[in-house]
Amino acid sequence: MGDLFLVRHGETEWSRSGRHTGSTDVPLTEHGRAEARRLAPLIRAHRIGAAFVSPLQRARETARLVGVPDARIDADLREWDYGGYEGVTTPEIQRDRPGWFLFTDGVVPGPPDHPGETAEQVGQRADRMLAKADAALADTGGDVVLVAHGHFLRVLTARRLGLAPRDGALFQLATGTLCHLGSEHGRPVIAGWNIRPGA
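Quick look at the structure, then. (Residues numbered from 1 in each chain as written. Predicted model: local features only at pLDDT ≥ 70, side-chain atom pairs only at ≥ 80, totals over all residues. Heavy atoms only, no water.)

Within the secondary structure layout, Pro-115 lies in the loop between helix H5 (102–105) and helix H6 (119–140). By relative accessible area, Pro-115 is classed as partly exposed at 45%. Sequence separation between Pro-115 and Gly-198 is 83 residues, and the spatial gap between their C-alpha atoms is 41 Å. (Helix = DSSP H or I, 4+ residues; strand = E, 2+ residues; numbered from the N terminus. Buried < 20%, exposed > 50% of the residue type's maximum accessible area, 1.4 Å probe, protein only.)

As structure tokens, then:
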């Protein structure tokens, strides 16, 4: 079986300013597009058997620019639903909730269509996505690419390693980077993290 390659979408105006960006469908900046293009040679260096992408435009455009334009859209790859914290920065939240931390303290409810998610709920989506990725790994014999979002991919990594969803906090993830989840002696490992060409 092949390995998993995780791509966090390139920079957006909201990611640059630190605003929590879950369901808001913001586009990439020009810098974000350049970040994505630089990853294309890294993706081409592997035999990709399948690719999946979040439905949001920042992820879909990143998938196209890194060289997996036919990636299958999968709603399980969407970002954490931040509920009432959508569009709000961590320092703004901490004015009312000193010491607030997403992975342990969660979010406040939002509107009915975006009520917010707990770390455990995000972990359940990550588990479903990993099952689909594993099926694709078995079917194709090649590597699988997942193009998605920072907090979601951090939770997915924790789950791949057998950790609790909240342990995604251990894996800082920059925009426009590639991460490689492989195995050693049959056990999942991080084979590369926050990879950028030339870094």
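Below, the discussion takes up the pattern of salt bridges. Taken as a whole, this structure holds twelve salt bridges when the rule is applied. Its salt-bridge partner being Asp-76, residue Arg-128 comes within 2.7 Å of it at the nearest N-O pair. Separated by 52 residues along the polypeptide, Arg-128 in helix H6 and Asp-76 in the loop between strand E3 (72–73) and helix H4 (90–96) bring together distant segments of the chain. Of the residues examined, Arg-128 reaches a relative accessible area of 41% and is grouped as partly exposed. (Salt bridge = Lys/Arg side-chain N within 4 Å of Asp/Glu carboxyl O.)

Bringing H6 into the picture now. A rise of 1.5 Å per residue sets the reference length of H6, with its 22 residues, at 32 Å; its end C-alpha atoms lie 31 Å apart and thus fit the reference within 8%. Those residues of H6 lying buried are Ala-119, Val-122, Gly-123, Arg-125, Ala-126, Met-129, Leu-130, Ala-133, Ala-136 and Leu-137. The buried residues of H6 all sit within an arc of 155° when viewed along its axis, so they share a single face. In H6, the exposed positions angled more than 90 degrees off the buried face are occupied by Ala-138 and Asp-139. Its buried side turned inward, H6 meets strand E1 (4–8), strand E2 (48–53), E3, H5, strand E4 (143–148) and helix H7 (150–160). Gly-141 sits one or two residues past H6 and shows a positive phi near 75°. (Expected span 1.5 Å × (residues − 1). Arc of directions from axis to C-beta. Contact = heavy atoms within 4.5 Å.)

Read across the open sheet, the six strands follow the order E3-E2-E4-E1-E5-E6; overall the sheet is mixed. Of all strands in the sheet, those with a lone pairing partner are E3 and strand E6 (187–195), marking the two edges. Pairing of E1 with E4, which is carried by five bridges, proceeds in the parallel orientation. Bridge pairing links Leu-4 to Val-144 in E4. Strand contacts of helix H3 (residues 57–66): E1, E2, E3 and E4, with the helix running at about 140° to E4, the strand carrying the most contacts. (Pairing = 2+ DSSP bridges. Axes fitted to C-alpha atoms, helices over the stretch in contact; angles between N-to-C directions.)

Note that all results are geometric; they support no functional claim without further evidence.
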